[in-house]
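Overview (structure and organization)
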Amino acid sequence: IYRAMERLPEALAYQQKAIVIQAQVLGNNHPDLATSYGNLSLIYQDMGHLLEALDYQQKAIIIREQVLGNNHPDLATSYNNLSGIYRAMERLPEALAYQQKAIAIREKVLDKNHPDMATSYGNLSNIYRAMERLPEALAYQQKAIAIREKVLDKNHPDMATSYGNLSNIYRAMERLPEAL
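This text gives an overview of the structure that appears in the document.

So, how was this worked out
- Residues numbered from 1 in each chain as written.
- Predicted model: local features only at pLDDT ≥ 70, side-chain atom pairs only at ≥ 80, totals over all residues.
- Heavy atoms only, no water.
- Phe/Tyr/Trp six-rings, centres within 6.5 Å; stacked < 30°, edge-to-face > 60°.
- Helix = DSSP H or I, 4+ residues; strand = E, 2+ residues; numbered from the N terminus.
- Buried < 20%, exposed > 50% of the residue type's maximum accessible area, 1.4 Å probe, protein only.
- Patch = residues over 30% accessible without salt bridge, like charges linked within 9 Å, V, L, I, M, F, W, Y side chains within 5 Å.
- Areas by Shrake-Rupley, 256 points an atom, 1.4 Å probe, with all protein chains shown as cover.
- Salt bridge = Lys/Arg side-chain N within 4 Å of Asp/Glu carboxyl O.
- Core = buried A, V, L, I, M, F, W, Y, C linked by side-chain atoms within 4.5 Å.
- Contact = heavy atoms within 4.5 Å.

Re the packing of aromatic side chains
Here a ring pair, both rings aromatic, is described through the centre-centre distance and the interplanar angle of the planes. Per the stated rule, a full pass over the model turns up seven aromatic pairs. Relative to Tyr14, the ring of Tyr2 lies with its centre 5.8 Å away and its plane at 20 degrees, an arrangement referred to as stacked. Residue Tyr2 is located in the segment before helix 1 (8–26), and its partner Tyr14 is located in helix 1; the two are separated by twelve residues in the primary sequence. Taking relative accessible area as the criterion, Tyr14 reaches 48% and is therefore assigned partly exposed. Geometrically, the ring pair formed by Tyr79 and Tyr98 is tilted, given 5.6 Å between the ring centres and 45 degrees between the ring planes. Of the two residues, Tyr79 is situated in helix 4 (residues 73–88) and Tyr98 in helix 5 (residues 92–109); the sequence distance between them amounts to 19 residues.

In structure tokens:
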């Protein structure tokens, strides 16, 4: 709740308390602890503390790989989040690799029109755009939009984000009528 309110110091303090309790009660390899590490990572990322965010996301991944296996949706979420941290750090090859890992899992375990698929395709598109690999960026943004048009209301904020991203790709490709 504090994170949603953008009261990050309070969010950080309570998430750290939760981690201490979970580690004591559940042990160091419990999936709930991995979730808390992931949440702590997101708070650090919101604060701009990318190295701390990276560290906690990696801790979440280690637990999830050991406990949940290599094809669990929660592991895909951690890979997606790690990709976002690497993208924020401008370490695009790592961002790309982890987003591809997230997609590989999601394609195996989720319906092809699941909203998480659209999220991953959109994130992959943004990475490709940052790498100036515009044809790939365009293809994945179109895949994200196709899913979102099926499962979301036409006025959903994610639709606006996807259309804006698509416009930016077309603009970068100098295809201005389509960008408009």
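Picking up where we left off.
Here we look at a nonpolar patch on the surface
On the surface, Ile21, Val25 and Leu26 cluster together into a nonpolar patch covering about 280 Å² of accessible area. Among the structural elements, Val25 can be located in helix 1.

Looking at the pattern of salt bridges
In total, this model carries six salt bridges according to the counting rule given. Here Arg175 ties to Glu178 by a salt bridge, and the two come within 2.8 Å at their closest N and O atoms.

Some details on the nonpolar core
Core analysis: the biggest nonpolar cluster contains 41 residues, and Tyr37, Tyr79 and Tyr121 have the highest contact counts within it. Those elements giving two or more residues to this core turn out to be helix 1, helix 2 (31–47), helix 3 (50–68), helix 4, helix 5, helix 6 (115–130), helix 7 (134–151) and helix 8 (157–172). Excluding residues within four positions of it along the chain, Tyr121 makes contact with Ile103, Glu107, Tyr140, Lys143, Ala144 and Ile147.

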